[in-house]
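This is what each chain is made of:
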Amino acid sequence: MKISLNWLKKFIEIKETPEEIESILTETGLEVDELKKIEIDKNYLNDLKVGEILSIDSHPNADKLKITTVSLGEKNLSIICGASNIEIGQKVVVAKIGTKIKNIENKIIKINRVKIRGVASEGMICAEDEIGIGDSHSGILILPKNAKAGDNALNYFEILNDSIYDISITPNRADATSHLGVARDIKAVLKREIKYPDLIGFKSLNKKSINIIINNHEACPRYSGCIIENITIKDSPEKIKKLISSIGINPINNVVDITNYVMHSLGQPLHAFDMEKISKNQIYVRYANKGEKFTTLDGIERKLHENDLLICDAEKPMCIAGVFGGEYSGVSDNTKSIFLESAYFNPSDIRKSSLNHSLKTDASYRFERGIDPNITIIALKFACILINKYCGGEVVSDIYDIYPKKISNRKIEINYERINKLIGQSIKEKQINEILSLLDIKVRKEKTKIIAEVPPYRVDVTRESDIVEEILRIYGYNNINISEFNHSNFISDESKGSFENSLLNNIMSTLINSGYYEITTNSLTSSKNTYIDSWLQNETIEMINKLSDEHAVLKQHLLYTGLESLKYNINRKQNNIKFFEFDKEYRKNKKDLKEIKKLGIYLSGLSKEEHFNSKNKEASFFDIYNIINKILLSVNLGQYQIKESQSKMLSNAIQIKNDTFALCELGEVETTLLKKYDINQKVFYAELFWDNIISCLKNDFNFMKIPKFPEVKRDLSIILSKSQKFSSISSIIENNKRNIIKNYSLYNIYEGEQIGKNKVAYALRFMLQDENKTLEDKVINNTMENLIIKFEKELQAEIRK
């Protein structure tokens, strides 16, 4: 969320530098991601001219570009412009050929004659960020209608330096989603007064009335509004446009701009309905009927849900409450009278509607987190004063305020001793009282305890720990001393968590040293994944309050989010991928929910980056098998068996096991699954079953003497039908190892005419050794002959001589 320093100064006196205010905000929990200073250099504004747009034609070679004819008084220019808000008759800022401008990034640009898609452009129509006088790039800068074509544009600018804070608002701080809310935190730190809008100028006439009916007061605890007539729709005054543009809002017209201005000032969303379009002079607040349809302001017809809260007239819906207005009932250029709404809706109802229709608006952002129910009238009157001043509107009705059950302050019991115990440091009672008072939290004593009364706009303060957090935010975490008594008089055994972390670091180091990069993906994934064949429907864990359809269910397998990450990189020409991820999978069964820890490894593209000194080689199954083997050896799990595995997600999959547990599964990702993610290159995947690996590891080590007797190597080439898998060879070897076959490896695979069609030759190397004596040829030959007989009999293999 963006906050303007100039705007903040309307609510509180600020003498500090922008950097000091940045520090204050961050230390109180409103973390500033970026501070951008708008410091206008007038030297680069002197040559800008006022232009009047005379005509707009389509560009013959570009759909989004327009060819405009712009008058500079004595001369007309042909300028190409891509802004969406250009109209004939507008007065705009023009930079002629040869003019130098300085943009918001302090980059100096000289305007030259250019051809854009084959058409010449004789200058530039400027947006405010392009000439360094604002932060907005939502469209070209529109000057007042009385601006004279050919004049210096500088005469029509309101030059104000500003500082814009981009604040990362945490979900619990709904109170800080306005300039007033941010000013409250500054007030608590600097101990200064808040200046609320002056409402003395508010006037109303009791000439008109409207019938308002609230069908469900739990969904709409408070509904306020009034009728305003004699409105003239036009551009907003420059100072309002300047402020809302500075935080990235595109000016529309005076009424809409004022509602946005009030919302970002006080945190109270407002909505204006065209009074002439309200049927039978009635407003109903109700839930949608089954199958009811409604066309929103963006022109989309939406099928409503029964839990959608609506603002309706006697015949039709006019607005999805707190989320989005309707196409028919909104303010237009012909609007003369409005009904201005200022309401408080139940946050959960707004959250459901926003999710139902995937609509995220500035209003829903505030309503679904919880706004201040006690500010609706203040915001309404403030807006009415501005509409009277800048739109000519007169309030011709009473202020309607339907508020049957007042939302009271939240009362929390606590005592000073408990506060200091939780903080770990003693803070004086007087200072605690002062801090809470500065945060609008009233404190009163009742015998041995105190009662803190929290205003309803602080939806996040509900218990004693929240009170302590509020005190610490303002007192300053940096002012809490480290205890002198932090010590230990014994050394404990390594904890299970510490052992796991150490093991994980070791494995990660092995992967990183092999060229792999760690990724972190979201635990939530799209509901679209539930339609994939491999998804286990009966084990799905679905979010109750979904933020969006893209984050609707917990992932059942690392591959679902891992492939999304691969797709993102491949789409950006990063085709050679080596990723790993340590995360959890989430399943449910009839009894409980399960979290399964896994380490996933992804390999795709070339096995090594291109280099003049080596040939390009596509990644293969053996590349990912090798890294798994390296990992298992690094954690002393080098003795394992390989079994064929059946998987819906992997083809030619194998499972690596020890005597008790499955340690790993690996294979090539099924082509059908890759197509779901629009991935058109092979992907190899392996996953380590973390809990099983931990169970197999021991802290003690076994040592053995190095054998005194030499080892012997024998090679064997076995020809099999392509329909048979290598696992059948492994199975025979494992069952007939005897004591002297210590190890074996596959070092070559051959296919060709010399061995016949549909056949494969596997070249194996055996390592034989007897720990007690030197092996004799007779024993070696008998061992190998026994294996050959088994291969020929059970696999119909040919032994290649």
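J.: In this structure, what is going on with the environment of Ile378? I would like to understand it.
T.: Looking at the element boundaries, Ile378 is found in helix α8 (residues 376-391). On the accessibility criterion, Ile378 (28% relative accessible area) is partly exposed. Remark: the alpha-carbon pair of Ile378 and Val712, spanning 334 residues in sequence, is separated by 92 Å. Ignoring sequence-local partners within four residues, the contact set of Ile378 consists of Leu199 and Leu266.

J.: Help me understand the sheet that holds strand β29 (residues 517-518), please; the structure alone is not making it clear to me.
T.: Pairing is mixed in the open sheet, where 7 strands are placed in the order β29-β32-β33-β37-β36-β35-β34. Both outer strands of the open sheet, β29 and β34 (641-644), are each paired with one neighbouring strand and no more. Two elements, strand β36 (residues 662-669) and strand β37 (residues 683-689), share 5 bridges in a ladder whose sense is antiparallel. Considered in β37, the bridge of Gly667 is made with Tyr685.

J.: What am I meant to see in empty space enclosed by the protein here?
T.: Over the atoms rolls a probe the size of a water molecule, and in doing so it shows where empty space is left. Under the defined criterion, the tally for this structure stands at 3 cavities of 30 Å³ or more. Reported here for the largest cavity is a volume of approximately 120 Å³. Lining the largest cavity are 13 residues, with Ala174, Asp175, Leu266, Gly267 and Asp372 positioned closest to its centre. Grouping the constituent residues of the lining of the largest cavity by class yields 5 nonpolar, 5 polar and 3 charged. In this structure, the second largest cavity spans a volume of roughly 50 Å³. What lines the second largest cavity is Arg173, Asp175, Gly181, Arg184, Asp185, Leu439, Tyr457 and Arg458. Tallied by class, the residues present in the lining of the second largest cavity amount to 2 nonpolar, 1 polar and 5 charged.

J.: Got a minute to help me understand helix α3 (residues 179-190) in this structure?
T.: The end-to-end C-alpha distance of α3 is 16 Å, a good match for the 16 Å that 12 residues give at a rise of 1.5 Å each. Of all 12 residues in α3, 10 are buried, a share of seventy percent or more. For α3, the full list of buried residues reads His179, Leu180, Gly181, Val182, Ala183, Arg184, Asp185, Ile186, Lys187 and Ala188. Count one or two residues on from α3 and you reach Lys191, which has phi positive near 60°.

J.: I'm lost on the pattern of salt bridges in this one. Help?
T.: Two side chains of opposite charge can pair, provided their charged atoms sit close to one another. Overall, the coordinates contain 44 salt bridges when judged by the stated rule. Its salt-bridge partner being Lys449, residue Glu413 comes within 3.1 Å of it at the nearest N-O pair. Taken as a pair, Glu413 in strand β26 (residues 410-414) and Lys449 in strand β28 (residues 449-454) lie far apart in primary sequence, 36 residues in all. The partner of Arg444 in a salt bridge is Glu446, and the shortest N-O contact between them spans 2.3 Å. For Arg444, a relative accessible area of 32% corresponds to the partly exposed category. Through salt bridges with shared partners, one network takes in Arg173, Asp175, Asp185, Arg458, Asp460, Glu470 and Arg473.

What counts as what
- Counting restarts for each chain: residues are numbered from 1 in the order of the written sequence.
- Totals for whole chains, interfaces and linings use every residue, but because this is a predicted model, local features are given only for residues with pLDDT of at least 70 and side-chain atom pairs only at 80 or more, for both listing and counting.
- Heavy atoms throughout the structure, all of them, feed into the side-chain values; hydrogens and water do not.
- Put simply, DSSP H or I for four residues or longer makes a helix, DSSP E for two residues or longer makes a strand, and each gets a number counted from the N terminus.
- Each residue's exposure class comes from its accessible area (1.4 Å probe, protein chains only) as a fraction of the maximum for that residue type: buried when under 20%, exposed when over 50%, partly exposed otherwise.
- Only heavy atoms enter the contact rule, under which two residues are in contact if any of them lie within 4.5 Å.
- Criterion used throughout: strands pair if DSSP finds at least two bridges between them.
- Only protein atoms enter the 1 Å grid used here, on which a cavity is any set of points holding a 1.4 Å probe that cannot leave and a pocket is any open set flanked by protein within 12 Å on both sides along at least five of seven lines; residues with an atom within 4 Å of a point are listed as lining.
- Grid points are joined across faces, edges and corners, and a volume is the space filled by probe spheres set on the points.
- All amino acids are sorted into three groups, where Ala, Val, Leu, Ile, Met, Phe, Trp, Tyr, Cys and Pro are nonpolar, Asp, Glu, Lys and Arg are charged, and the leftover types, Gly among them, are polar.
- Multiplying 1.5 Å by the residue count of a helix minus one yields the expected span of that helix.
- When a carboxyl oxygen of Asp or Glu lies within 4 Å of a side-chain nitrogen of Lys or Arg, that pair is called a salt bridge.

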